[in-house]
Amino acid sequence: MSRRGSRAELPVEVEILKEKASALGRVGERLDASLARLAALAARIAEAGPEARAVLVQEYRAERARARELRYYLVVQREAIGLRRHADVDRAYPLPPDIPE
């Protein structure tokens, strides 16, 4: 039954729901990967000398911007499927702080 309970969902509606869920999963996976890269970069920065640190900080900042963009995409996709509360996104995908030069 559909959300309204008045009729069975059409195959095309089921396909659309599957694609929405799949798209949500894909952006979540990309965000997870980006956050993992950020953690790895942060660890490398902590161990790096001054010259390498400057380069790594720039990489970190670029990756953080990418993670922030992916997080935005995740929120937009959630809203597109009717999810309006995003506190769980904040808990599941916390954006790490910027690193000063």
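For the structure itself, look to the data block above.
On a predicted model such as this, the values are computed, not experimentally measured, just so you know.

Conventions and cut-offs
All residue numbers refer to position in the chain's written sequence, counted from 1. Per-residue local features of the predicted model are confined to residues with pLDDT of at least 70, and side-chain atom pairs are confined, for both listing and counting, to 80 or more; whole-chain, interface and lining totals are unaffected and use all residues. Side-chain measures here rest on the full set of heavy atoms in the structure, leaving out hydrogens and waters. Patches in this entry comprise residues that are over 30% relatively accessible and not in a salt bridge; like charges within 9 Å are linked, as are nonpolar side chains (Val, Leu, Ile, Met, Phe, Trp, Tyr) within 5 Å. Under the convention used here, a 1.4 Å probe and the Shrake-Rupley method define accessible areas, while residue burial counts only the protein chains that appear. Between Lys or Arg on one side and Asp or Glu on the other, a salt bridge is scored when a side-chain nitrogen of the former is within 4 Å of a carboxyl oxygen of the latter. Here a strand is any run of E in DSSP of at least two residues, a helix any run of H or I of at least four, and the numbering for each starts at the N terminus. When a residue's accessible area, from a 1.4 Å probe over protein chains only, is under 20% of the maximum for its type it is buried; when over 50% it is exposed; and in between it is partly exposed. Only heavy atoms enter the contact rule, under which two residues are in contact if any of them lie within 4.5 Å. Here, the term nonpolar core denotes a set of buried Ala, Val, Leu, Ile, Met, Phe, Trp, Tyr and Cys residues that are joined through side-chain atoms within 4.5 Å.

(A) Quick look at a nonpolar patch on the surface. On the surface, L10, V12 and I16 cluster together to form a nonpolar patch covering roughly 270 Å² of accessible area. Take V12: it is sitting in helix 1 (residues 11-47).

(B) Expanded view of the environment of L35. Among the structural elements, L35 can be located in helix 1. The class for L35 is buried, based on a relative accessible area of 16%. Separated by 11 residues in the primary sequence, L35 and L24 place their C-alpha atoms 17 Å from one another. Look past the residues within four positions of L35 in its chain and what remains in contact with it is A67, Y93, P94, L95 and P96.

(C) Main features of the pattern of salt bridges. Taken as a whole, this structure holds six salt bridges when the rule is applied. A salt bridge links D98 to R61, with the shortest nitrogen-to-oxygen separation between them at 3.2 Å. In this pair, D98 sits in the segment after helix 3 (87-92) while R61 sits in helix 2 (residues 50-80), placing the two residues 37 residues apart along the sequence. The class for R61 is partly exposed, based on a relative accessible area of 28%. With a closest N to O distance of 3.1 Å, R78 and D88 form a salt bridge. Residue R78 is found in helix 2, and its partner D88 is found in helix 3; the two are separated by 10 residues along the sequence. In this structure D88 comes out as partly exposed when scored by relative accessible area, which is 34%.

(D) Structural view of the nonpolar core. If you look at the biggest cluster of nonpolar residues, it comprises 17 residues, and the most contacted ones within it are L31, L35, I45, Y60, L74 and Y93. At the level of elements, helix 1 and helix 2 are the ones that each hand at least two residues to this core.

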